[in-house]
Amino acid sequence: MSVFSFAFLILSLAILAMSGRLIMGPTTPDRVVALDTLNTFVVATMVILGALFDSIVMVDIAIVYAALSFVGTLFIARYIEGGF
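Named according to an unreviewed UniProt entry, the protein is Membrane bound hydrogenase subunit mbhB originating from Acetomicrobium thermoterrenum DSM 13490. Heading Sequence similarities (unreviewed entry) of the UniProt record for the protein holds this comment: "Belongs to the CPA3 antiporters (TC 2.A.63) subunit F family." Per UniProt, the comment on the protein under Subcellular location (unreviewed entry) is "Cell membrane".

Colleague: Quick one: what's the story with the overall build of the protein, residue by residue and with numbers?
Modeller: Scanning the protein from terminus to terminus reveals 3 helices and 0 strands. Listed N to C, the secondary structure of the protein is α-α-α in terms of helices and strands. Overall, the protein is about 45 × 25 × 10 Å in size when its C-alpha atoms are taken along their principal axes. Out of the 84 residues in the protein, the part that is buried amounts to 20%.

Colleague: Explain the environment of Thr73 to me, and be specific about the residues and the numbers.
Modeller: Relative to the helices and strands, Thr73 resides in helix 3 (residues 56–81). For Thr73, a relative accessible area of 17% puts it in the buried group. Here the side chain of Thr73 touches Asp36 through a polar contact of 3.3 Å, side chain to side chain. One polar contact links the side chain of Thr73 to the main-chain carbonyl oxygen of Ser69, over a distance of 2.9 Å.

Colleague: Would you mind going over the packing of helix 2 (residues 28–52) against helix 3 in detail, with residue names and values included?
Modeller: For any two helices packed against each other, the geometry is given by the interaxial angle and the distance between the axes. For the pair helix 2 and helix 3, interaxial distance at closest approach is 9 Å and the crossing angle is 175 degrees. On the basis of their axis angle, the class for helix 2 and helix 3 is roughly antiparallel. Where helix 2 abuts helix 3, its residues Thr28, Pro29, Val32, Leu35, Asp36, Asn39, Val42, Val43, Met46, Val47, Leu49 and Gly50 lie against Met58, Ile61, Ala62, Tyr65, Ala66, Ser69, Thr73, Ile76 and Ile80. Here the contact of helix 2 with helix 3 is built from residues that sort into 15 nonpolar, 5 polar and 1 charged.

Colleague: Quick rundown of the side chain of Ser69? Include the residues and the values.
Modeller: Relative to the helices and strands, Ser69 is located in helix 3. When near neighbours in sequence (up to four residues on either side) are disregarded, Ser69 contacts Asp36 and Asn39.

Colleague: Kindly report on helix 3, identifying the contributing residues and their values.
Modeller: Its 26 residues give helix 3 an end-to-end C-alpha distance of 38 Å, which sits within 8% of 38 Å, the value for a rise of 1.5 Å per residue. Of the positions making up helix 3, those classed as buried are Ala62, Ser69 and Thr73. Next to the buried residues of helix 3 lie helix 2. Gly82 lies just past helix 3 and shows a positive phi near 90 degrees.

Colleague: Can you break down the UniProt feature "transmembrane region" (unreviewed entry) in the protein residue by residue, with the values?
Modeller: The UniProt record marks residues 44–77 with the feature "transmembrane region" (unreviewed entry), using the residue numbering of this structure. The distance separating the terminal C-alpha atoms of residues 44–77 is 23 Å; by composition the span is 91% helix and 0% strand.

Calculation criteria
Residues numbered from 1 in each chain as written. Predicted model: local features only at pLDDT ≥ 70, side-chain atom pairs only at ≥ 80, totals over all residues. Heavy atoms only, no water. UniProt positions renumbered as here; feature names shortened; annotations may be inferred. Helix = DSSP H or I, 4+ residues; strand = E, 2+ residues; numbered from the N terminus. Buried < 20%, exposed > 50% of the residue type's maximum accessible area, 1.4 Å probe, protein only. Polar contact = N/O pair within 3.5 Å; in protein donor to acceptor, adjacent residues only side chain to side chain. Axes fitted to C-alpha atoms, helices over the stretch in contact; angles between N-to-C directions. Parallel < 35°, antiparallel > 145°, perpendicular 65-115°, else oblique. Contact = heavy atoms within 4.5 Å. Nonpolar A, V, L, I, M, F, W, Y, C, P; charged D, E, K, R; others polar. Expected span 1.5 Å × (residues − 1).

If you want it as structure tokens, here you go:
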């Protein structure tokens, strides 16, 4: 088992744990933080898989996904705050 495979396994377990927090979060801001953390784990997983399979395209997609995730989190936080 390579280091990348082990990192992918650990990140997969973290994604499962964070999905549970996303579903059972007591308040909406807790769920937003869980969603943002989940998106960060997905980006890290995509980068790890890109390194594992030697694919540059996967890293490019991870960068775009991270940017869209950041903007989405900003919009959700602004909506919760009541800024719209």
